[in-house]
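Descriptive analysis of the structure
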Amino acid sequence: MSAVPPAPTPPAVPLSGWGRTAPTAARLVRPRSREEAVDALRACAGRGGIARGLGRAYGDAAQNAGGAVLDMTGLDRVHTIDADTGTVVCDAGVSLHHLMEVLLPLGWFVPVTPGTRYVTVGGAIGADIHGKNHHVSGSFSRHVRSFDLLTADGSVRTVKSGGKLFNATAGGMGLTGVILKAKLRCLPVGTSFMSVDTERASDLDDLMARLTATDHRYRYSVAWIDLLARGAATGRAVLTRGDHAPLDALPDRARRAPLDFRPRRLPAAPAFLPEGLLHRTTVGLFNELWYRRAPRSRTGELQRVSSFFHPLDGVPHWNRVYGRGGFVQYQFVVGYGQEEALRRIVRRITEHRCPSFLAVLKRFGDADPGWLSFPLPGWTLALDIPAHLPGLARLLDGLDEEVAAAGGRVYLAKDSRMRPEVLSAMYPQLPAFRALRAELDPDAVFRSDLSRRLGL
Amino acid sequence: MKDAFGTPQSLLVLGGTSEIAQATAHRLVTRRTRDIWLAGRPSPTLERSAQALRDRGADTRTVPFDALDPESHETALGKVFAEGDVDMVLMAFGTLGDQARDEADPVAATRVAQTNYTGAVSAGLVCARALQAQGHGSLVVLSSVAAERARRSNFIYGSSKAGLDAFAQGLGDALHGTGVHVMVVRPGFVRSRMTAGLEEAPLATTPQAVAVAIEAGLRRRAETVWVPGRLRLVMSALRHVPRPLFRRLPV
């Protein structure tokens, strides 16, 4: 019996993912400590609960209609940093942005970062995120030594890398429990600058050949594709590859503060923008300019980490440019040897004239052992498309089938529309995941809109 | 759960034999919808409607529901929601009545009002509460252009739809921010069993066209949908026509 009277139930608030589609309402609770998190979990009767970080998952992974959502950003302490080994112990609600703020001045960098710094460590493990260095460094969980997991029975377990529970949680979309704290190994860097090589590829085959031949020379590698270009230019792209710049590569002025981290922020996107701002003409124009603007070939350009990794973070709420209807992000991977499937899919997207100005192709390296972890060795393409585009639902269903038939998969952290039927083909370890969940959480305390929609 | 395009995985139809409802269900089955409940008065037609959906691969069940018996709504519909989440409720029951006969028979006239309005108030509130508890879902209410302005030729039906329409709009406002979306659909003259033998009005439409409009409305999370869309303009003009003139219009 607790002496403290129970807090009044907070009213339900509508929540959606970063893509702003399919909002649902949940009680949002924000624990400030491990104890409050345990209490919040106890109150998750009925329709269960799910942890949420900074809401950057595109789809419905961190929503829980009619139930509870635990906003973990209140647990935001960095506990210890070992400046010699680069080992960090921090709360799950700490963002990669905050980690960069504290780590960079000490000469360390986060081991893996996606296209935004505004993800939490808990979310990074739950989605087993990847970055431009996947072909070298693997996904986020590879750099996690252990984490503390609050499970359905209310107990907190320390889970070390290598075990079943670790592998179910890495990429498990928060459905095994609430990650409270994690221990990570970071990457030593000499400066907070990147040395960047840029080149253009004239079409998809040229792009794939360039990536295959030279990827291993770079720690970070990514290609932006113009999916509105047709005919001979189908798949034309701008490749951007780089590595952390060593101190002696910096000009004198920058050498005075080589580990500076001061990302610029532009004004936020307005709250109300009309739907249909991004259509084929505007996006086509943007893509044309973006392609022409890129140098045919340039080496050793110095860029700040924020502009190399997270250009969009400079515009808060950039997701609003898609208007009220929101957008769908589609990311899939097909293994090496399935290049023909990739070509077919790119052709279908191009033929459908999807106004996507953020289409990104990269090569994945070895997979990590997370059961529902997304990356597998192969080609991954990510694109975002306004949700109101006619025929989009059917197009993407068709692509799902191509992807599944090629032994590939769709990224759950970005999904908001997949049919449950194709899931088990994409994630062969799903039965093991379900069995462990049934054993660990028989009453299904951990639930999300994603888990309901896909029957995870 | 609904997907990013608002397509439901589970559907509850109130008025399971309605042609518009069937056209909508058939369309949604080709998308995502797998679990369907057809609520209505038990009849061979209701069973046939269910079987048609089963044949298309949807897990379809029927549940007895009588719009004219509001006391039973809580129990009948509660059973459905107890079985699992309902992503979309389609309120499609209603009767056109027979204007000439109903004007002469006030009791028959009240039956139109009770079915179309009173029954919808009670069923609508029961569903709204259940949807609110599950934190998501769309309540799609079939209103009519007849709700927009009373006409000599069908004002009994029109007034009942006007009540329903106002109720649904208010309910939509009440549920704003709860994760539940209320969509009022106002079709014009729909070629169906209900209108068989009647003289067709301009801009007549079909149950299939209404189904298409409903699907598009779900995707946009629209609050009002006119079918065909041009009726929105036509009706906003007609609404302001002075009555002496309106009386003489051939509408």
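For clarity, every value in this text was computed on a predicted model and none was experimentally measured. (Residues numbered from 1 in each chain as written. Chains lettered and ligands numbered in written order. Predicted model: local features only at pLDDT ≥ 70, side-chain atom pairs only at ≥ 80, totals over all residues. Heavy atoms only, no water.)

1. Structural notes on helix α2 (residues 44-55) of chain B
Residues and elements named next belong to chain B.
- For α2, which comprises 12 residues, the first-to-last C-alpha distance of 16 Å matches the rise-based estimate of 16 Å (1.5 Å per residue) to within 8%.
- All of the buried residues in α2 are L46, S49, A50, A52 and L53. Seen from one end, α2 has its buried residues packed into an arc of 155 degrees, which puts them on one side. Pointing more than 90 degrees away from the buried face of α2 are the exposed residues P44, R48 and D55.
- For α2, the elements touching its buried residues are α1 (19-29), β2 (35-40) and β3 (59-64). (Helix = DSSP H or I, 4+ residues; strand = E, 2+ residues; numbered from the N terminus. Expected span 1.5 Å × (residues − 1). Buried < 20%, exposed > 50% of the residue type's maximum accessible area, 1.4 Å probe, protein only. Arc of directions from axis to C-beta. Contact = heavy atoms within 4.5 Å.)

2. Describing a positive patch on the surface
- Judged by side-chain charge, R145, K160, K183 and R185 of chain A come together as a positively charged surface patch.
- One can find K183 of chain A in strand β10 (residues 178-185). (Patch = residues over 30% accessible without salt bridge, like charges linked within 9 Å, V, L, I, M, F, W, Y side chains within 5 Å. Areas by Shrake-Rupley, 256 points an atom, 1.4 Å probe, with all protein chains shown as cover. Salt bridge = Lys/Arg side-chain N within 4 Å of Asp/Glu carboxyl O. Lys, Arg positive; Asp, Glu negative; His and termini not counted. Charge placed at Lys NZ, Arg CZ, Asp CG, Glu CD.)

3. A look at the sheet that holds strand β12 (residues 193-201) of chain A
Residues and elements named next belong to chain A.
- Pairing in this open sheet of eight strands is antiparallel, and the strands run β15-β12-β14-β13-β17-β18-β16-β19 from one edge to the other. Only two strands of the sheet have a single partner each, and these edge strands are β15 (297-304) and β19 (409-410).
- Across two bridges, strand β16 (residues 327-335) lies against β19 in antiparallel orientation. Residue pairing for β19: F332 is matched across the bridge by V410.
- Running at roughly 15 degrees to strand β18 (residues 378-386), helix α10 (residues 339-352) makes contact with β16, β17 (360-364) and β18 of the sheet. (Pairing = 2+ DSSP bridges. Axes fitted to C-alpha atoms, helices over the stretch in contact; angles between N-to-C directions.)

4. Re the packing of aromatic side chains
Residues and elements named next belong to chain A.
- In this structure the tally under the stated criterion is 18 aromatic pairs over all chains.
- Aromatic pair Y322 and F327: ring centres 4.3 Å apart, planes at 25 degrees, arrangement stacked. One exposure class covers both Y322 and F327, and it is buried.
- Ring centres of Y322 and F357 lie 6.4 Å apart, and the angle between their planes is 15 degrees; on these two criteria the pair is classed as stacked. Within this pair, whereas Y322 is found in the loop between α9 (305-309) and β16, its partner F357 is found in the loop between α10 and β17, the two being separated by 35 residues in sequence. With respect to class, Y322 is no different from F357; both count as buried.
- Positioned above the aromatic ring of W290 is the side chain of R293, whose terminal nitrogen or guanidinium carbon lies 4.7 Å from the ring centre. (Phe/Tyr/Trp six-rings, centres within 6.5 Å; stacked < 30°, edge-to-face > 60°. Lys NZ or Arg CZ within 6 Å of the ring centre and 35° of its normal.)

5. Digging into the domain arrangement of chain A
All names here are of chain A.
- According to the domain assignment, chain A contains domain 1 (74-189) and domain 2 (193-419).
- One C-alpha centre belongs to domain 1, the other to domain 2, and the line joining them spans 24 Å.
- At the interface, 36 residues of domain 1 touch 35 residues of domain 2.
- Note on domain 1 versus domain 2: buried area summed over both sides is about 3100 Å², and carbon and sulfur give 61% of it.
- Considering only the surface of domain 1 that becomes buried against domain 2, R117, K132 and H135 emerge as the three largest contributors, covering 24% of it.
- Across the contact surface, domain 1 and domain 2 share two salt bridges.
- Salt-bridge contacts for R117 lead to D313; the nearest nitrogen and oxygen are separated by 4.0 Å.
- Counting across the domain 1 and domain 2 interface gives 20 residue pairs in polar contact (both at pLDDT 80 or more). (Domains from an automatic or database assignment. Buried area = accessible area lost by both parts, 1.4 Å probe. Polar contact = N/O pair within 3.5 Å; in protein donor to acceptor, adjacent residues only side chain to side chain.)

6. Overview of the interface of chain A and chain B
- Taken together, the contacts link 29 residues of chain A with 20 residues of chain B.
- Approximately 1900 Å² of surface area, both sides summed, lies buried where chain A meets chain B, with 51% of it carried by carbon and sulfur atoms.
- Three residues stand out in chain A for area buried against chain B, namely R47, R324 and R453 of chain A, and they jointly supply 21% of the buried area on that side.
- Taken together, chain A and chain B are joined by three salt bridges.
- With a closest N to O distance of 2.8 Å, D397 of chain A and R32 of chain B form a salt bridge.

7. Notes on the sheet that holds strand β7 (residues 224-227) of chain B
Residues and elements named next belong to chain B.
- Ordered by their spatial adjacency, seven strands build an open sheet running β3-β2-β1-β4-β5-β6-β7, and the pairing between neighbours is parallel. The open sheet has two edge strands, β3 and β7, and neither has a second partner. Sheet twist, expressed as the average angle between the axes of neighbouring strands with direction ignored, equals 15 degrees.
- Packing against the sheet, helix α7 (residues 207-220) makes contact with β4 (88-91), β5 (137-142), β6 (180-187) and β7, and its axis sits at approximately 150 degrees to β6.

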